[in-house]
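# Breakdown of the fold
Listed here are the chains, written in short residue letters.
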Amino acid sequence: MCGIVGAVAQRNIADILVEGLRRLEYRGYDSAGIAVVDLHKNYTRIRRIGKVRELANAVATSNLIGGTGVGHTRWATHGVPSEVNSHPHISGDITIVHNGIIENHQALRSLLQDRGYTFVSQTDTEVIAHLVEWERRTATSLLEAVQKTTAQLQGAYGAVAMDSNDPERLIVARSGSPIVIGHGIGENFIASDPLALLNITRRFMYLEEGDIAEITYDNVNVFDASGQHVERAVIELHAQQDAGEKGKYRHFMQKEVFEQPTALRNTLEGRLTHDAVITESIGVNAVDILNKVEHVQIIACGTSFNAGMTARYWFESIAGISCDVEIASEFRYRKFVTRPNSLLITISQSGETADTLAALRLAKKCGYMGVMTVCNVAGSSLVRESDFAFMTRAGAEIGVASTKAFTTQLATLLMLVTALAKQQKRISKAKEKEIVQALHALPEQIEQALALDKDIKALATDFADKQHTLFLGRGEFYPIAVEAALKLKEISYIHAEAYAAGELKHGPLALIDADMPVVVIAPGNDLLEKLKSNIEEVRARGGLLYVFSEQKSGFEAAHNMKIIRMPKVNEITAPIFYTVPMQLLAYHVALIKGTDVDQPRNLAKAVTVE
Ligand code: F6R
């Protein structure tokens with residue numbers, strides 16, 4: 001959470017910082033600020049509560065000039081969203097921006113108060129500013145002051161320090177929160193995510209855990225946790241520059257929903273022949289491990305957890321390999337038993353989710369035969385710290401509500417399951433061919449699902465004035481119902497819950513009345529007849545039914561029952577296909593309700609705090 005940018009350049013950088021923050025706004029949007037210093041040591045700071053556009057307006061009407069500076073967009077953890085709590089924070093000549101949480105901030109605050117420092121904010125970040133200021137009094141350089149400061153910090157941080165008395169350098173420290181350095185010509189930059197800088201450079205260096213770097217116009221010097229000078233590779237990123245633009249769409253979420261056919265094509269490319277999975281495309285080391293796996297443990301949060309829940313059905317039904325799925329924040333704090341020959345798989349869009357990362361680090365000490373990540377961001381912490389990564393290739397996802405990341409995670413996991421089954425000779429050639437051909441057909445089928453946009457828009461009016469919604473599914477469509485409920489609640493603020501339809505009579509049926517919309521995901525499969533009985537249970541109690549099913553499923557529209565006809569698709573890929581109308585439904589309900597679709601209240605895209 002929180003986005004950081006920084007620049008050391010021989011030109012005015014105010015616009016670069018503001019544009020960088022605009023691109024990072026998905027990480028937090030309570031308040032934003034920048035501070036710059038010029039070569040004459042003239043220092044200016046502007047902070048505004050609210051979105052980056054408030055800051056941009058303030059910067060546009062100011063006379064802010066400077067070649068070195070830092071910026072920050074905040075997702076509040078310590079202290080309410082307010083101007084005084086927004087970053088950058090200052091102590092004397094020292095300016096700090098910070099992403100993460102300093103766990104020992106109370107003890108440090110008391111120590112610094114005893115030394116005579118006055119705190120003006122409720123943030124944990126302000127202790128970093130005062131500590132660096134204190135250490136700078138005796139240190140030979142800003143670098144040394146930051147090294148001495150970080151030695152006293154406990155918790156997670158990505159932080160940048162600037163000294164207005166030394167205006168041609170920035171010091172950046174990484175411990176638990178992502179930081180990249182963007183390399184320019186005669187200028188260098190810092191950001192929480194390369195996306196912030198893609199309009200300026202494609203050359204990036206990822207800092208590793210414990211690294212501290214000194215950045216000037218011409219040099220980037222990196223020191224590891226033990227203070228040793230180290231080299232970190234500079235890589236060229238080929239991400240699209242327009243990834244941070246909405247183009248013809250009204251919201252990033254809408255754009256990302258409609259990008260799914262392309263995102264899926266990219267995900268499948270080079271990994272399938274016309275009738276088989278190319279196991280080697282997962283990686284040579286991966287193949288060795290897949291040959292021996294007897295159990296899979298999946299760890300993830302939120303939407304990525306729902307992808308894992310769906311994949312569990314595939315691991316067990318297609319590959320015959322037992323699979324457990326657990327929420328990362330639970331897994332990391334309980335005593336668990338590692339099964340023999342178990343592969344740990346994390347799933348994450350960002351690759352930076354704090355709980356998932358902590359669970360991975362814990363699992364690495366607990367006897368898993370390997371740790372793998374299914375991830376969307378190359379160079380992210382999960383990718384770098386796992387034995388191998390199977391990338392989802394969805395492209396940058398900016399909307400806080402995850403959409404194309406989810407469907408590409410599902411496609412990636414289905415390929416993985418098929419490869420695993422194939423390596424262990426647990427799948428027939430014919431079944432492999434059926435899955436592969438279903439995957440090939442998927443992008444075009446998703447286009448057909450997207451063509452339902454108008455119908456679903458019309459349907460959305462039925463939901464917008466309701467307080468609650470229930471989503472029902474069975475088998476692998478149960479996690480799709482959970483994901484549908486998550487999408488609706490996070491962007492429309494309507495309370496939504498999902499149930500495995502067979503569970504209805506064990507409690508939730510009591511909720512059904514004429515004000516309760518019940519969305520049923522009802523593809524034509526073996527469980528359809530069972531689902532029909534569940535639908536009758538709702539009808540008999542006057543519930544409002546919205547059934548998404550195929551032409552020939554035998555459902556007829558009736559009083560309080562609308563049928564949304566879906567094209568027939570292969571049963572195995574149907575969970576991916578049925579996700580799309582659920583995303584469209586949530587989107588259109590949110591539009592009617594007038595919520596902030598891309599940046600729903602209280603949320604942030606990359607949850608880099610616990
Ligand atoms: C919901 C959503 C979140 C994320 C969760 C995990 O739409 O986006 O629930 O899925 O925060 O994030 P990643 O996948 O980046 O680990």
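Scroll up a little and you will see the structure.
Residues numbered from 1 in each chain as written. Predicted model: local features only at pLDDT ≥ 70, side-chain atom pairs only at ≥ 80, totals over all residues. Heavy atoms only, no water.

So, on to unusual backbone geometry. Following His87, the chain continues to Pro88 via a peptide bond in cis, the omega torsion being 0°. The residue Pro88 is located in the loop between strand E4 (68-74) and strand E5 (89-91) in this model. Positive phi is not limited to glycine here, since Asn341 has a value of about 50°. Tracing the backbone shows Asn341 in the loop between helix H10 (328-331) and strand E18 (342-348). Backbone geometry places Asn560, a non-glycine residue, at a positive phi of 60°. Mapped onto the fold, Asn560 is located in the loop between strand E24 (544-550) and strand E25 (561-566). Using a relative accessible area of 30% as the deciding quantity, one classes Asn560 as partly exposed. (Helix = DSSP H or I, 4+ residues; strand = E, 2+ residues; numbered from the N terminus. Buried < 20%, exposed > 50% of the residue type's maximum accessible area, 1.4 Å probe, protein only.)

So, on to the environment of Asp515. Along the polypeptide, Asp515 turns up in the loop between strand E22 (495-500) and strand E23 (517-522). With relative accessibility at 53%, the residue Asp515 sits in the exposed group. C-alpha separation for the pair Asp515 and Gly542, spaced 27 residues apart in sequence, amounts to 8.9 Å. When residues no more than four places from it in sequence are discounted, the contact partners of Asp515 are Lys466 and Leu544. (Contact = heavy atoms within 4.5 Å.)

Near the ligand you find 14 residues, and of these Ser304, Ser348, Gln349, Thr353 and Glu490 are the closest. Within the side chain of Thr353, an N or O atom sits 2.5 Å from an oxygen atom of the ligand. Between the ligand and Val400 there is a distance of 3.2 Å, counted from an oxygen atom to a backbone nitrogen or oxygen. Protein coverage of the free-state accessible area of the ligand, which is 400 Å², stands at 90%. Judged by its atoms lying within 2 Å of the grid points, the ligand is housed in the second largest pocket. Broken down by secondary-structure element, the contributors of at least two residues to the shell around the ligand are helix H9 (302-317) and helix H16 (477-492). (Near = heavy atom within 4 Å. Polar contact = N/O pair within 3.5 Å; in protein donor to acceptor, adjacent residues only side chain to side chain. Areas by Shrake-Rupley, 256 points an atom, 1.4 Å probe, with all protein chains shown as cover. 1 Å grid on protein atoms, 1.4 Å probe; cavity = no way out; pocket = protein on both sides within 12 Å on 5 of 7 lines; lining within 4 Å. Sits in = over half its atoms within 2 Å of the grid points.)

Two elements in contact, H16 and helix H18 (residues 574-593), have axes separated by 9 Å at closest approach and are oriented at 20°. In this view, H16 runs roughly parallel relative to H18, as classed from their interaxial angle. For the element pair H16 and H18, the recorded crossing hand is right-handed. Residues Phe477, Ile480, Ala484, Lys487, Leu488, Ile491 and Ser492 of H16 form the contact with H18, whose participating residues are Ala574, Pro575, Tyr578, Thr579, Met582, Ala586, Tyr587, Val589, Ala590 and Lys593. A per-class count over the contact of H16 with H18 returns 13 nonpolar, two polar and two charged. (Axes fitted to C-alpha atoms, helices over the stretch in contact; angles between N-to-C directions. Parallel < 35°, antiparallel > 145°, perpendicular 65-115°, else oblique. Left-handed = near helix turned anticlockwise from the far one by under 90°. Nonpolar A, V, L, I, M, F, W, Y, C, P; charged D, E, K, R; others polar.)

Attention shifts here to helix H5 (residues 142-150). Among the residues of H5, those classed as buried are Leu142, Leu143, Ala145, Val146, Thr149 and Thr150. Projected onto a plane normal to the axis of H5, the buried residues spread over an arc of 160° and lie on a single side. Residues of H5 that are buried in the fold lie against strand E6 (94-102), helix H4 (125-136), strand E7 (155-163), strand E8 (170-175), strand E12 (212-215) and strand E13 (220-223). (Arc of directions from axis to C-beta.)

The subject of this paragraph is the pattern of salt bridges. Tallying each qualifying case throughout the model produces 32 salt bridges. In this structure, Glu144 engages Lys148 in a salt bridge whose closest nitrogen and oxygen atoms are separated by 3.1 Å. Of this pair, Glu144 and Lys148 both sit in helix H5, four residues apart, which is roughly one turn of the helix. In this structure, the salt-bridge partner of Glu432 is Lys422, at a minimum N-O distance of 2.9 Å. (Salt bridge = Lys/Arg side-chain N within 4 Å of Asp/Glu carboxyl O.)

Function cannot be inferred from these measures alone, as they are strictly geometric.
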